[in-house]
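# Architecture and fold: a report
Spelled out from the first residue to the last, the chains are:
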Amino acid sequence: MEIVLYKFDWLTDYFLTDIGNALSKKYNVRFILPRDDFEDSKNTIFITFNGHGIERVKEANVFDIYMDHPYIYLKKNIDSHPKNYFAFFVDKEHLRIIKEEHPEINSYFLPLAGRIPSCERSINQLTDVCFVGSIRDKETRVSEKAKELIKVMLETYDDSYTVFKKLHPNESINIPVLYQADRYCRDLYRRKAIETVVNAGFKTVIIGCGWNAYDFDKPVTIFKEMSNLEAEKFQCASKFAINVLPWFKNGPHDRIYTSILCDAVVLTDKNEYLEKEFKNKESILFYDRNNMEQIPELLNYYIKNEEERFKIYRSGKKLVSENDTWLNRIYILEEVINGIICTR
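Everything numeric in this text was worked out from a predicted model, so none of it was measured.

## A look at the overall build of the chain
Each helix and strand in the chain was counted, giving 12 helices and 12 strands. Taking 344 residues into account, the globule formula puts the C-alpha radius of gyration at 20 Å, and the chain, at 21 Å, falls close to it. Over its C-alpha atoms, taken along the principal directions, the chain stretches across nearly 60 × 50 × 35 Å. Per-residue burial for the chain yields a buried fraction of 56% across its 344 residues. Within the chain, contacts between residues at least 6 apart in sequence are counted, and of these 62% link residues at least 24 apart. Accessible surface, the chain as shown: approximately 15700 Å² in total, 47% of it carbon and sulfur. Across the chain, the 49 positively charged side chains and the 53 negatively charged ones have centroids separated by 1 Å.

## A short note on helix α4 (residues 144-156)
Since the α-helix advances by 3.6 residues per turn, residues separated by three or four positions end up pointing in the same direction. For α4, spanning 13 residues, the distance from its first C-alpha to its last is 19 Å, which sits close to the expected 18 Å at 1.5 Å a residue. Close packing links the buried residues of α4 with α5 (160-167) and α6 (175-199). Positive backbone phi, approximately 65°, marks Tyr157, located one or two places after α4.

## Observations concerning the pattern of salt bridges
The final tally for this structure, using the stated rule, is 23 salt bridges. Salt-bridge contacts for Lys249 lead to Asp158; the nearest nitrogen and oxygen are separated by 3.2 Å. Of the two residues, Lys249 sits in the loop between β10 (238-243) and α8 (254-261) while Asp158 sits in the loop between α4 and α5, which places them 91 residues apart along the sequence. The exposure class assigned to Lys249 is partly exposed, which follows from its relative accessible area of 23%. Accessibility expressed as a relative area gives 13% for Asp158, which makes it buried. With a shortest N-O distance of 3.4 Å, Glu272 and Lys276 are connected by a salt bridge. Separated by 4 residues within a single helix, Glu272 and Lys276 lie in helix α9 (residues 272-277), roughly one turn from each other. Put simply, Asp18, Arg115 and Glu232 are held in one network by salt bridges that share partners.

## Thoughts on the sheet that holds strand β2 (residues 28-32)
Read across the open sheet, the 6 strands follow the order β2-β1-β3-β4-β5-β6; overall the sheet is parallel. With partners counted over all chains shown, the strands left at the sheet margins are β2 and β6 (106-109), one partner each. Neighbour-to-neighbour, the strand axes of the sheet open up by a mean angle of 20°, direction not taken into account. The pairing of strand β1 (residues 2-6) with strand β3 (residues 44-49) spans 4 bridges and is parallel. Its bridge partner lying in β3, Glu2 is registered against Thr44.

## Notes on the sheet that holds strand β11 (residues 265-268)
Ordered by their spatial adjacency, 6 strands build an open sheet running β9-β8-β7-β10-β11-β12, and the pairing between neighbours is parallel. Since the sheet does not close on itself, it has two edges, and those belong to β9 (221-223) and β12 (285-286), each with one partner. Set on the sheet, helix α10 (residues 294-304) makes contact with β7 (127-132), β10, β11 and β12; between it and β10 the angle comes to about 160°.

## What to know about the packing of α5 against α6
Their axes nearest at 9 Å, the elements α5 and α6 cross at an angle of 125°. Comparing the axis directions of α5 and α6 gives the class oblique. As α5 runs across α6, the sense of the crossing is right-handed. Residues Ser160, Tyr161 and Phe164 of α5 touch α6, and the partners they reach there are Val177, Leu178, Ala181 and Asp182. Across the contact of α5 with α6, the residue classes break down as 5 nonpolar, 1 polar and 1 charged.

## As for the pairing of strand β5 (residues 85-89)
Most of β5 sits inside the fold, with 5 of its 5 residues counted as buried. Residues Tyr85, Ala87 and Phe89 of β5 are buried on one face, and the alternating residues Phe86 and Phe88, pointing to the opposite face, are buried as well. Here 5 bridges tie strand β4 (residues 61-66) to β5, and the two strands are oriented parallel to one another. What sits directly across from Ile65, in β5, is Phe88. By the bridge criterion, 4 bridges tie β5 to β6 in an arrangement that is parallel. Each residue of the ladder has a partner; that of Phe88, found in β6, is Tyr108. Taken together, β5, helix α3 (residues 92-101) and β6 constitute a β-α-β crossover, and its handedness is right-handed.

The rules behind each value
Residues numbered from 1 in each chain as written. Predicted model: local features only at pLDDT ≥ 70, side-chain atom pairs only at ≥ 80, totals over all residues. Heavy atoms only, no water. Helix = DSSP H or I, 4+ residues; strand = E, 2+ residues; numbered from the N terminus. Rg over C-alpha atoms; globule rule 2.2 N^0.38 Å. Buried < 20%, exposed > 50% of the residue type's maximum accessible area, 1.4 Å probe, protein only. Contact = heavy atoms within 4.5 Å. Areas by Shrake-Rupley, 256 points an atom, 1.4 Å probe, with all protein chains shown as cover. Lys, Arg positive; Asp, Glu negative; His and termini not counted. Charge placed at Lys NZ, Arg CZ, Asp CG, Glu CD. Expected span 1.5 Å × (residues − 1). Salt bridge = Lys/Arg side-chain N within 4 Å of Asp/Glu carboxyl O. Pairing = 2+ DSSP bridges. Axes fitted to C-alpha atoms, helices over the stretch in contact; angles between N-to-C directions. Parallel < 35°, antiparallel > 145°, perpendicular 65-115°, else oblique. Left-handed = near helix turned anticlockwise from the far one by under 90°. Nonpolar A, V, L, I, M, F, W, Y, C, P; charged D, E, K, R; others polar. Right-handed = clockwise from strand over helix to strand, strands pointing away.

As structure tokens, this is what we get:
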């Protein structure tokens, strides 16, 4: 059986490379680009993200990994996905929704994972804080229907799909509205977190598009979006990494794991999944998304108390190294692969 991994953009290339390298220890693995041919048969497993390239598949087994809320991408695939289709979701709440709404789809939970960096930790960590992530232009308009969703989402922390179904139970899902609401809420908290850090005077590096449109009270270093491999160099040179979850209610984000593997102490908002895996102030630092003023307090304390900071990043790195790289996640894909082999 051959496994082909469909590379179509720089962000997912990063994940696919790690997944492919892990799978290559047991399977025949090949990376393909949109222009490349592959054997479209039951003897092939086609791995992609967010539905990209699945229109090319008729017979192969498709492993489709959804990095964001599935309804942003999945709705268009429900009636047209290949017959041998397996969907993987990075949040348990996303998985629950799909299992309830579309039980005919083979669905699984596949938490995102971290990447062991190619760079070494900088002994003299010159930057206090690093943040990796883009933000939309602040002038981006939001529809009235999206504003309805946003109001409830900010009050309840429910996802856009759930809120839409509550507010408009008799309407078909409006994908652009879900997308606008998700992006608005994510960007709102990203902006609040980063403004709080920068304006408190911490030496901060931001890597991502859109930030130049925002004014900060204090100096900040901003780089436009770069590859994850390049971003790792800045993470390895930072004492802390800030994370703002993209409205994941019960799943992790790869930024958390990779930042920890870069020896940065991670400050993140929390959810059910993260609270079960990490212990606050032992392997990670949690902040309340509705009380951003906690963040400068935590940064100041752990900058001054260096040994406590070192203890957190060492504990976090041990935990993540043993449990949360793509090599640790491959067993989930292998279970599905073995099931396919058994039924051939």
